[in-house]
Amino acid sequence: MGQSLLNEGMKVARTIPTMKEIRGELPEPVGFVPTMGYLHEGHLSLVRRARGENRSVAVSIFVNPTQFGPQEDFETYPRDAERDLTLLRQEGIDVVFVPEAEEMYPADFNSWIVVEGMTEMLEGASRPGHFRGVATVVAKLLNIVQPNRAYFGRKDAQQALVIEKMVNDLNMSPEIIVAPTVREPDGLAVSSRNVRLDPEERQAALVLWKSLSLAQQLRSGGERSADRIRQQMIALIEGEPRARIDYVSIADPESLRELDEIDRPALVSLAVRIGKTRLIDNVILDGAS
Ligand code: AMP
């Protein structure tokens, strides 16, 4: 029989002490991919990159309650732990950390990480407290798993920046690696929330990618005015009756401050509601010419 891809030896840690004990035995370097589960090709691209660059790979699956606002979709966030574990076994990873909420946030939990400044705009403006929850859970996960490298997706560009800033400001050890956004063949960014879209909404959701592509086209055609690009993106999205814009931003990719003139690389990012589902996406525009 040929070598099976199935990793029968994949360990599943449900408590923090178990995760730490398994970590102690893993050959280094250890790569780590934190996720909220309902795994898709975007997550798997991070897992494969981690597999290729490290001797051991750890993945966490935890729908983190503290990054959801009271009106948000924590309760209905898609979950399928068994399917996720099967997928991860097929990827040959070493350990999956699957804690319960009480394990991560016992009743007396009282310490939070707040990255100031860049968390006040874009996702932070639309979702107050979101990045406090993200930074806190990622700090906890990095402390528990102690990876040499941790992998995040460019799809959540602001999240990746916030984590890089936290790791840098607090002198945390892991190297942070940010990997490209994985898309469906028609351009829609792969997301766990895409399963919520009905067939008409799935079609309507293409306005995110269409408007980002329009921005790229306008920029490569020589347009330098961020405002003119933004206005054309907004007009395109407003042409889709199922879409409601949360924000459309053209900002400096590091400070996230809005740009007037695109005379350097620019992060074009947007959040759009399609029916009840809120989707985000982004691209980087070239600053040259
Ligand atoms: P989530 O489970 O949505 O919290 O995502 C876990 C990690 O996967 C985060 O670092 C995300 O940025 C990343 N991710 C989610 N969707 C994609 C995608 N389409 N392409 C690349 N990375 C992604």
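None of the values given here were measured: they were computed from a predicted structure. (Residues numbered from 1 in each chain as written. Predicted model: local features only at pLDDT ≥ 70, side-chain atom pairs only at ≥ 80, totals over all residues. Heavy atoms only, no water.)

1. Digging into the domain arrangement of the protein chain
Domain annotation for the protein chain reports domain 1 (5-179) and domain 2 (192-285). Computed from C-alpha coordinates alone, the two centres of domain 1 and domain 2 are separated by 26 Å. With both sides pooled, the region where domain 1 packs onto domain 2 buries about 1,600 Å², and carbon together with sulfur makes up 54% of that total. Run the count over domain 1 and domain 2 and you get 3 salt bridges. The salt bridge partner of arginine 193 is aspartate 73, with a shortest N-O separation of 2.8 Å. The interface formed by domain 1 and domain 2 contains 10 residue pairs in polar contact (both at pLDDT 80 or more). If one sorts the elements of the side of domain 1 that touches domain 2 by residue count, helix α7 (residues 157-169) sits on top with 3 residues. (Domains from an automatic or database assignment. Buried area = accessible area lost by both parts, 1.4 Å probe. Salt bridge = Lys/Arg side-chain N within 4 Å of Asp/Glu carboxyl O. Polar contact = N/O pair within 3.5 Å; in protein donor to acceptor, adjacent residues only side chain to side chain. Helix = DSSP H or I, 4+ residues; strand = E, 2+ residues; numbered from the N terminus.)

2. Considering the side chain of glutamate 223
Along the chain, glutamate 223 turns up in the loop between α9 (206-220) and α10 (226-238). Residue classification places glutamate 223 among the buried positions, given a relative accessible area of 18%. Excluding residues that lie within four positions of it along the chain, glutamate 223 makes contacts with Leu218, Arg228 and Ile229. (Buried < 20%, exposed > 50% of the residue type's maximum accessible area, 1.4 Å probe, protein only. Contact = heavy atoms within 4.5 Å.)

3. A closer look at the sheet that holds strand β9 (residues 277-285)
Spatially, 3 strands are ordered β7-β8-β9 in an open sheet, and the strand pairing comes out antiparallel. Looking at the sheet topology across the chains shown, the edges are occupied by β7 (243-251) and β9. For this sheet, the mean angle separating the axes of adjacent strands, direction not counted, is 10°. Two strands pair when backbone bridges link them, and strand β8 (residues 266-274) and β9 are joined in this way by 9 bridges, in the antiparallel orientation. Note that in β9 the partner of valine 272 across the bridge is leucine 279. Most of the contacts of α10 go to β7, to which it runs at about 165°, and overall it touches β7, β8 and β9. (Pairing = 2+ DSSP bridges. Axes fitted to C-alpha atoms, helices over the stretch in contact; angles between N-to-C directions.)

4. Let's talk about the packing of aromatic side chains
Using the criterion set out here, one finds 6 aromatic pairs in the structure. Through successive ring pairs, a cluster of aromatic residues spans Phe62, Tyr105, Phe109 and Trp112. In this arrangement the basic side chain of arginine 132 is found over the ring face of tryptophan 112, its NZ or CZ atom lying 3.9 Å from the centre. (Phe/Tyr/Trp six-rings, centres within 6.5 Å; stacked < 30°, edge-to-face > 60°. Lys NZ or Arg CZ within 6 Å of the ring centre and 35° of its normal.)

5. With respect to the nonpolar core
Formed by 43 residues in total, the largest nonpolar core has its most connected members in Met19, Phe97, Met104, Val138 and Met166. Contributing elements (two or more residues each) for this core: α1 (16-25), β2 (30-35), β4 (95-97), α6 (130-145), β5 (149-153), α7, β6 (175-179) and β8. Per-element accounting of this core gives the leading share, 10 residues, to α6. Viewed by domain, this core spans two of them, domain 1 (5-179) and domain 2 (192-285), each represented by three or more residues. Methionine 104 has contacts with Ile16, Phe62, Phe97, Pro99, Phe109, Val137, Lys140, Leu141 and Ile144, leaving out every residue within four places of it along the chain. Membership of the second largest hydrophobic core comes to 28 residues, among which are Leu188, Ala205, Ile229 and Met233. (Core = buried A, V, L, I, M, F, W, Y, C linked by side-chain atoms within 4.5 Å.)

6. So, the site of the ligand
Neighbouring the ligand are 17 residues, the closest being Met36, His43, Asp156, Val182 and Val190. Within the backbone of methionine 36, a nitrogen or oxygen atom sits 2.9 Å from an oxygen atom of the ligand. Within the contact set of the ligand, a nitrogen atom lies 2.8 Å away from a backbone nitrogen or oxygen of valine 182. Relative to its unbound accessible surface of 490 Å², the ligand loses 93% to contact with the protein. (Near = heavy atom within 4 Å. Areas by Shrake-Rupley, 256 points an atom, 1.4 Å probe, with all protein chains shown as cover.)

7. What about α7?
Residues spaced three or four apart along an α-helix point in a common direction, a consequence of the helix completing one turn every 3.6 residues. Here α7 is 13 residues long and its end C-alpha atoms lie 18 Å apart, about the 18 Å a rise of 1.5 Å per residue gives. Note on α7: the residue one or two positions beyond its end, asparagine 171, has a positive phi of about 55°. (Expected span 1.5 Å × (residues − 1).)

8. Observations regarding the pairing of β2
Of all 6 residues in β2, 6 are buried; the element is thus mostly enclosed. Residues Val30, Phe32 and Pro34 of β2 are buried on one face, and the alternating residues Gly31, Val33 and Thr35, pointing to the opposite face, are buried as well. Bridge count for β2 against strand β3 (residues 56-61) is 6 bridges, and the pairing is parallel. Across the sheet, residue glycine 31 finds its bridge partner in β3, namely valine 57. The β-α-β motif built from β2, the intervening helix α2 (residues 41-53) and the parallel element β3 has right-handed crossover chirality. When β2 meets β5, the two strands line up parallel, connected through 2 bridges. Paired with phenylalanine 32 across the bridge in β5 is alanine 150. (Right-handed = clockwise from strand over helix to strand, strands pointing away.)

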